[in-house]
Amino acid sequence: VYASNRGHQSIAVYKVQGEGEALELVEIISTQGDWPRDFNIDNSDKYLVCAHERDGVLSLFERDEHTGRLTLLDD
């Protein structure tokens, strides 16, 4: 599960526990932009792109398909 944090300028990554009864925080990563407005995972599940409202920056992350962790590809 991913959640953008406006003001903190980050994306939180969570792992779903069991049958969905709990979430475990995996990481919180900076989006490298101002006010992350929207994000999407591509059809291959390998990349996440985040669009920022205030500065118009697009951030591209590689997504680890097993852990969900994100790695910024270009800053």
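All values reported here derive from a predicted model rather than from experimental measurement. (Residues numbered from 1 in each chain as written. Predicted model: local features only at pLDDT ≥ 70, side-chain atom pairs only at ≥ 80, totals over all residues. Heavy atoms only, no water.)

1. Considering the overall build of the chain
Piece 1. Looking only at helices and strands, the chain features zero helices and seven strands.
Piece 2. Expressed as lengths along the three principal axes of its C-alpha atoms, the size of the chain is roughly 40 × 25 × 15 Å.
Piece 3. Counting across all 75 residues of the chain, residues that qualify as buried make up 28%.
Piece 4. Expressed as a percentage of contacts within the chain between residues at least 6 apart in sequence, the contacts between residues at least 24 apart total 25%.
Piece 5. On the chain, roughly 5,000 Å² of surface is accessible, and the fraction owed to carbon and sulfur atoms is 44%.
Piece 6. Counting 7 positive and 15 negative side-chain charges, the chain places the averaged centre of each group 3 Å from the other. (Helix = DSSP H or I, 4+ residues; strand = E, 2+ residues; numbered from the N terminus. Buried < 20%, exposed > 50% of the residue type's maximum accessible area, 1.4 Å probe, protein only. Contact = heavy atoms within 4.5 Å. Areas by Shrake-Rupley, 256 points an atom, 1.4 Å probe, with all protein chains shown as cover. Lys, Arg positive; Asp, Glu negative; His and termini not counted. Charge placed at Lys NZ, Arg CZ, Asp CG, Glu CD.)

2. Some thoughts on the sheet that holds strand β1 (residues 2-5)
Adjacent strands of a sheet pair through backbone hydrogen bonds, lying either parallel or antiparallel.
Piece 1. The strand order across the open sheet formed by three strands is β1-β2-β3, and the pairing between neighbours is antiparallel. With partners counted over all chains shown, the strands left at the sheet margins are β1 and β3 (22-30), one partner each. With direction set aside, neighbouring strand axes in the sheet form an average angle of 25 degrees. (Pairing = 2+ DSSP bridges. Axes fitted to C-alpha atoms, helices over the stretch in contact; angles between N-to-C directions.)

3. Some details on the sheet that holds strand β4 (residues 36-41)
Piece 1. Pairing is antiparallel in the open sheet, where four strands are placed in the order β4-β5-β6-β7. For this open sheet the edge positions go to β4 and β7 (70-72), each flanked by a neighbour on one side alone. In this sheet, neighbouring strand axes are inclined to one another by 30 degrees on average, regardless of whether the strands run parallel or antiparallel.
Piece 2. Across three bridges, strand β6 (residues 58-63) lies against β7 in antiparallel orientation. Residue pairing in the sheet places F61 in a bridge with L72 of β7.

4. Quick word on the packing of aromatic side chains
Piece 1. For the coordinates displayed, the defined rule picks out zero aromatic pairs.
Piece 2. Against the face of W35 rests R54, its NZ or CZ located 3.8 Å from the ring centre. (Phe/Tyr/Trp six-rings, centres within 6.5 Å; stacked < 30°, edge-to-face > 60°. Lys NZ or Arg CZ within 6 Å of the ring centre and 35° of its normal.)

Structural measurements only, silent on function.
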